[in-house]
Each structure stands twice: as C-alpha cells, then as structure tokens.
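In case you want the letters, here they are:
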Amino acid sequence: MLELQRIRENRDTVIKQLAVKNFDATEIVDEIIALDKERRAKQKELDDTLARSKQLAKEIGICYKSGKIKEAELLKKETQSLKVVSKSLSDNLEMIVTDMNKRLVELPNVPHPSVPKGNSEKDNEVVYEEGKIPELYEKAVPHWELAEKYKIIDFNLGAKVTGAGFPFYRGQGARLQRALINFFLDEAINNGYLEYQPPLLINEDSGFGTGQLPDKEGQMYYAQLDNLYLIPTAEVPITNIYRNVILKATDFPVKNVAYSSCFRREAGSYGKDVRGLNRLHQFDKVEIVQIQHPDKSYDTLEEMKAHVSELLRKLELPFRIVKLCGGDLSFTSALTFDFEVYSAAQKRWLEVSSVSNFESYQSNRMKLRFKDDSGKAKLAHTLNGSALALPRIVAALLENNQTENGINIPAALQKYTGFELIE
RNA sequence: GGAGAGUUGGCAGAGUGGUCGAAUGCGGCGGUCUUGAAAACCGUUGACCUUCACGGGUCCGGGGGUUCGAAUCCCUCACUCUCCGCCA
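Residues numbered from 1 in each chain as written. Chains lettered and ligands numbered in written order. Predicted model: local features only at pLDDT ≥ 70, side-chain atom pairs only at ≥ 80, totals over all residues. Heavy atoms only, no water.

1. Some details on the overall build of chain A
Each helix and strand in chain A was counted, giving 13 helices and 19 strands. Along the three orthogonal principal directions, the C-alpha set of chain A runs to about 100 × 45 × 40 Å. Per-residue burial for chain A yields a buried fraction of 48% across its 423 residues. In the structure as shown, chain A presents an accessible area of about 21,200 Å², 49% of it carried by carbon and sulfur atoms. For chain A, the centre of its 58 positive side-chain charges and the centre of its 61 negative side-chain charges are spaced 5 Å apart. (Helix = DSSP H or I, 4+ residues; strand = E, 2+ residues; numbered from the N terminus. Buried < 20%, exposed > 50% of the residue type's maximum accessible area, 1.4 Å probe, protein only. Areas by Shrake-Rupley, 256 points an atom, 1.4 Å probe, with all protein chains shown as cover. Lys, Arg positive; Asp, Glu negative; His and termini not counted. Charge placed at Lys NZ, Arg CZ, Asp CG, Glu CD.)

This is the structure in structure tokens:
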C-alpha cells in the first residue's frame, strides 16, 4: 500500500498519477486524509488520558507503600473514571484506524512517470524486439497437436485425474520440463541469485504482504481446514521471507531465485486463449526476486530485463519486450515489462515473463525496511520477474522448432535434456 | 494425535503485580590509550505513533481479560523444544 505520508503531502499528485491507471482516487484519498486527521487528534487525546492514568497509578503505588490507604482510595476514584474515558477513546481510535487501513489497501500502486496511459493491452508499448520469426513448413501444427503426436504432454489424462488445466508431462516432455527448470536455475545462480525451495502453501499474512489478499483470494486455491493458500507464484513465499525484517544497507541487493509449481484458479477464463499450454491451473516457473535500495531499484529492473533477455536468446526464441500501459498494469506494480515469445504455429505472441518494480508498495504492506546511513529505518524496494514460466516457453519451443523428422532442441538446452530431438 | 516445558532487546540471559522499555554478559557503534592494532577503560546502542520542538503514548510471541497499576495473574491462539503414537 501507499505510504500515508505520501498521500498526506502529495494529494494532488497521487490522484493525478493514479488516473494513469484509470483509477479515480479522489474520493478515497480525501477520505483517508480526513480519517488520518481524525486519527491524530484522537491519538493525542488518548495519549494525554493515558499519561494522566499512568501518573496516578504511580502515585497510588507510592501511597500504599507509605501506608496512606485513604489517599490511595481517593486517587482510585479519579483513575477509574479515566479508565472509562480511555477505553472509549481507544475503541474509537481503533475504528478510525481500521477504516483508514481498509481504504488505504484499496489504493493501487502509483505508476512510474514513464507509464503510458491506456485502457488495455492494445495500448501497451513494444519497446524492443529481437530474433527472426521462423517460417514453418506446410504441415506445421500448434503445440497441442504436437504434444499428442509425440505423446509428451497428455491433457486428457490430466482432466481425468484432476481436471482441465492440469496436464501430465510424459517421457521426453517430462524430461524437457526438468531440463528447463535446471537451465533457468543455473543461469540465475550464475548471475548471483541465491536458490531457495519455498513452501507451496502460504498463510494469510503472506498473502497480504505481497498483495494477493484481501482482494484476490478468488484467484488462489484455498485449503480451508488449515487456512492456507496454494501459491500463485514463488514471489509470495520468497518476498515474504523479509516480512517484518530490517535489513542493513550493505545487504543490498538481495537476489533470490526459486523454482516452484504455481497454482491459479483462473476463474472465468475460456476460449482459444486457454487451449493447450496457454493457460493452466498448475504450471512450473522459476522466479527471480530482488530487494534493493530505493535509489537503485530501476537499475535493478534493467538488470533483470537483461537477464530474462539472455535466457530467451539462449533458447533461440524470437521475443519482444512490452511496457505495460496504465490500464494493464497490475494493482501492486509501478512499472512492468512483459516478455513475449512468438509462437509460430498459433501466429501470436505469448507472454512468458513479467518483470516488475513494486517500489515500496509491498514493503509497506509487509514492513520490509532497511537502515540508511543516518540509522533510520526506511522502506526498501521489491522487484520480481519470471525467469521463466515454463508452459508457453515449451509451447513456443515445440511449435517453432518442429520439422518433418521431429522437434529440435536448442543447443543451450541439450546438455540438460540429454537429447537433441523429440521424436 | 496424546502428555509436558517454553516464547523477554542483534544474540545469550535475569526479572518479587507498583517509577521496567526492562538487570547482566556478548556483539555493534563512538572515544581514551597506542606508530597501528589488540587488551583495558569510558560512553553509546530497538521499533512504532504523535509533536516545529520539549515532551507524551504504544510494544516483553499474537489476541482478549482481571487490577488504580501486568513482562509478572487468568483465558485463548500460534510457534518452539522433550517424550509417546503414527509415518515418507
């Protein structure tokens, strides 16, 4: 969530910036400012009352010790009435704070000044393009047909055992998955990331910390009996490692990487967008997370973009980088670049990575701070990106590399797969 | 799943219901001494809210209660450890 002080001191700017996300914040912002003012007044009143009570309690203690029972009893009278007052004040204060926080959480992150205005993905800006779009031979088919032909991915079997969107990978298909995971992890480790294997279930506090809760619980699978959620991305457990943590400035940059399965309910999705591997309920992803000093987080974003670009280059996939417009930007992000690879048989671009800077939006929610030179605790910046999500990479690899004789595996991956051709 | 013990500042570890935000040690930071370092000695050393400031308030695992007053008593939840059971 946004920092209260920022809202208080930059009302107009915040409203103007949120308009880029097509979000009319005027009402909420003004309400927050009003509640904040009320809160501070109440706080002062309560503090004064408590201070008086504390003082009296001390005096009563002294009276009892020196045997002045009568005086003590007298003082008790006053303190009892103060107690009623402070109780009602603190109840009142709690209500105000609860209200204020409720509204605060409703405000999305402020977009970076470079974010273009726009309503949908049509308004996103293609900022970079690399690689040659392959020309396929006549009988080329989309990946779901290749999956069946080579018996490497079985969607029907998944539907039988679990449901739609939970495929089985089989034989060379399973091996390819494992190869990609290892390839991505090794590349990240070589770039200075520390590998983690996170839990796949998270509690409510973690869900709140990264911004999935309270509003997006419908997108996560939920284990009701234990009040735990299946992770939609490793970002959640990995970033929450630092919930309520105060880092030293010398800890920056924190660079973590994790492979995990990801679970998404994807309620309401349908049609050709969800065909084959395009959209699944369970998929594998290698996620990179960085925590950085506020002054350096945009350099870090560039570094992460370069890392993802290099992965796609090594996989010999044509890709482009898209800067998301305000309307397409996620609730929590200040700036996001999507990476898309070209899927030759479907003749469309598929999103395989999303690299974002959340600035202090997540940090503020999870109280992730660092000590600056003056010794003051300040909010750190959090960033993350997929590096990479597997299914659409697999889709593009299968489609783009299909030949009459089989599917070619790019050179960089061969030492991981142990084969050069799917046949 | 059953029984018991515990959770205090960066760490270790005291704490009788009354001036405890909390002894002491270690660590960290600053200083004295030294050519420099170590040792020794002195000082300092949490977070949050509020205030221009002085100051005030909150926080001893989380939440609730008793009391004029709670780290200390009671309830509840979470977690950790030990033993038993089950188990990849």
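2. A word on the protein's contact with RNA strand B
Close to RNA strand B lie 21 residues; Arg39, Asp47, Lys54, Ala57 and Ile62 are nearest. Taking all atoms of RNA strand B within 4 Å of the protein, the share assigned to sugar and phosphate is 66%. A distance of 3.0 Å separates a sugar or linking oxygen of RNA strand B from a polar side-chain atom of Thr79. Interatomic distance of 3.1 Å between a side-chain N/O atom of Lys371 and a phosphate oxygen of RNA strand B. Looking at the surface near RNA strand B, the elements that each hand over two or more residues are α3 (26-65), α4 (69-106) and β14 (369-371). Top contributing element to the surface near RNA strand B by residue count: α3, with 13 residues. Classifying every residue of the surface near RNA strand B gives 7 nonpolar, 4 polar and 10 charged. (Near = heavy atom within 4 Å. Polar contact = N/O pair within 3.5 Å; in protein donor to acceptor, adjacent residues only side chain to side chain. Nonpolar A, V, L, I, M, F, W, Y, C, P; charged D, E, K, R; others polar.)

3. Examining the domain arrangement of chain A
For chain A, the assigned domains read domain 1 (4-106) and domain 2 (121-422). On a C-alpha basis, the centres of domain 1 and domain 2 stand 43 Å from each other. Opposite the 6 residues of domain 1 that make contact, domain 2 presents 12 residues. When domain 1 packs against domain 2, close to 580 Å² is buried across both sides, 49% of that on carbon and sulfur atoms. If you look at where domain 1 meets domain 2, you find 0 salt bridges. Of the residues assigned to the side of domain 1 that touches domain 2, the class counts are 2 nonpolar, 1 polar and 3 charged. (Domains from an automatic or database assignment. Contact = heavy atoms within 4.5 Å. Buried area = accessible area lost by both parts, 1.4 Å probe. Salt bridge = Lys/Arg side-chain N within 4 Å of Asp/Glu carboxyl O.)

4. Observations concerning the environment of Ile28
Looking at where Ile28 falls in the secondary structure, it is placed in helix α3. A C-alpha to C-alpha distance of 8.1 Å links Ile28 and Glu106, two positions 78 residues apart in sequence. When neighbours within four sequence positions are excluded, Ile28 is seen to be in contact with Phe23, Arg103, Glu106 and Leu107.

5. Description of the nonpolar core
With 60 residues, the main nonpolar core has Leu180, Phe184, Leu312, Val341, Ile393, Leu398 and Ile422 as its most contacted residues. Among the elements that make up this core, the one with the highest residue count is helix α7 (residues 172-190) (8 residues). Discounting residues that sit within four places of it in the chain, Leu312 has contacts with Leu317, Phe319, Phe339, Val341, Val352, Leu388 and Ile393. In this structure, Ile7, Ala25, Ile96 and Val105 belong to the second largest nonpolar core, which totals 19 residues. (Core = buried A, V, L, I, M, F, W, Y, C linked by side-chain atoms within 4.5 Å.)

6. Here we look at helix α2 (residues 11-19)
Listed as buried for α2 are Val14, Ile15 and Leu18. Take α2 and look down its axis: the buried residues cluster within an arc of 100°, on one side only. In α2, those exposed residues whose orientation departs by more than 90 degrees from the buried face are Asp12 and Lys16. Each element contacted by the buried residues of α2 is listed here: α1 (4-9) and α3. (Arc of directions from axis to C-beta.)

7. Quick word on the sheet that holds strand β8 (residues 246-248)
Pairing between the strands of a sheet is mediated by backbone hydrogen bonds and can be parallel or antiparallel. Overall, mixed pairing links the 3 strands, which are arranged β8-β14-β15 in an open sheet. The sheet is open, and its two edges are formed by β8 and β15 (377-379), each paired on a single side. When the angles between neighbouring strand axes are averaged without regard to direction, this sheet yields 40°. Examined bridge by bridge, β8 and β14 share 3 bridges and lie parallel to one another. Across the sheet, residue Lys248 finds its bridge partner in β14, namely Lys371. (Pairing = 2+ DSSP bridges. Axes fitted to C-alpha atoms, helices over the stretch in contact; angles between N-to-C directions.)

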